Amino acid sequence: MRVENESLCFEGRQLVLAHESETLGCTMTLGLFLPPQAKEQPVPVLLFLSGLTCTWENVSTKGFAQQACAQHGIAFLAPDTSPRGDDIADDEAYDLGQGAGFYLDATQAPWKQNFRMRSYIEQELLATLARDGALPLDTTRVGITGHSMGGHGALTCALRDPQRYRSLSAFAPIAAPSQCAWGQKAFNAYLGDDKDAWLPYDACELVKTTAWNKPILVDQGTADAFLEEQLNPHLLEQACCDQGIALTLRRRQGYDHSYNFMTTFMADHVAFHAAQLV
């Protein structure tokens, strides 16, 4: 990891980091907020996965997580949403290609060479940070959250591997991607038309077999333009109820899909994670 930029923020440090990813075959840039407590000892990590069209920068500058993370002594880690570069496959649409990695490992051409965001998040990213002695992070204490496509990523990462993450939340996640246009388009392109290959990337399917036994927090705005056709939180709510998983789904009256919605409830989510991480 190399530091591209650094600034003081709530007595902590907001960093922009970059490294060469072997998994993705490109340079990856990420945001990392280190709270003031990191000056004294390694701190736990809250991993935030962003949504369609976003980079690490959106939540780092508009999510306003730093103040709450400074209060609770938690690092806030925001990776990019896909591999990027002139030699990386892309698509003209906003919901496929660069900026739309869907946190999966692609198996279809031309995506399979670089679009391996599942492996990047689950295997390479935290391992790379753990090897960097200059960064005071306790990567044995990790929570995960995300927004929209990133909420889908957070849910599926944690439900597949409940031992890796201590806490889980999401903002307006794509809860059942196999049953909405965003997910079906991406899954067909990245994974092919064998729907069995889609199951490890659908939270509503994963709750049927997961060993996850900790609470899950989801916030969803009722004025979200994507609520009915793309997000389907009621399907996740029913699936968790059927399996006895403790999901709290908070329907926020009048809130939309924007960062204004997320910033309103970001401190709640940081506190939720802190209760299980600190």
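Read on for a plain summary of the structure.

Criteria and thresholds
Residues numbered from 1 in each chain as written. Predicted model: local features only at pLDDT ≥ 70, side-chain atom pairs only at ≥ 80, totals over all residues. Heavy atoms only, no water. Phe/Tyr/Trp six-rings, centres within 6.5 Å; stacked < 30°, edge-to-face > 60°. Helix = DSSP H or I, 4+ residues; strand = E, 2+ residues; numbered from the N terminus. Buried < 20%, exposed > 50% of the residue type's maximum accessible area, 1.4 Å probe, protein only. Pairing = 2+ DSSP bridges. Right-handed = clockwise from strand over helix to strand, strands pointing away.

### Section: the packing of aromatic side chains
Alright, step 1. For the structure on display, the rule yields 12 aromatic pairs.
Alright, step 2. Judged by centre distance (5.7 Å) and plane angle (35°), the rings of Phe-48 and Phe-76 are tilted. You can see Phe-48 sitting in strand β4 (residues 43-49) and its partner Phe-76 sitting in strand β5 (residues 75-78), a full 28 residues away along the chain. Residue Phe-48 shares its accessibility class with Phe-76, and that shared class is buried.
Alright, step 3. Between Trp-111 and Phe-115 the ring centres are 5.2 Å apart and the planes differ by 85°, which places this aromatic pair in the edge-to-face class.
Alright, step 4. With a relative accessible area of 6%, Trp-111 lands in the buried category.
Alright, step 5. Look at Phe-115 and you get buried, because its relative accessible area is 1%.

### Observations concerning the pairing of strand β6 (residues 137-146)
Alright, step 1. Burial analysis of β6 places eight of its 10 residues in the buried class, which makes it a mostly covered element.
Alright, step 2. Taken together, the six bridges between β4 and β6 define a ladder with parallel strand orientation. When the sheet's bridge partners are listed, Leu-46 is paired in β6 with Gly-143.
Alright, step 3. The pairing of β6 with strand β7 (residues 167-171) spans two bridges and is parallel. Within β7, the position partnered with Ile-144 by the bridge is Leu-168.
Alright, step 4. Crossover β6 to β7 through helix α4 (residues 149-160) is right-handed.

### Here we look at the environment of Ala-211
Alright, step 1. You can see Ala-211 is positioned in the loop between α6 (203-206) and β8 (216-221).
Alright, step 2. The class of Ala-211 is exposed, set by a relative accessible area of 55%.
Alright, step 3. The sequence separation of Ala-211 and Pro-162 amounts to 49 residues, and the corresponding C-alpha distance is 6.5 Å.

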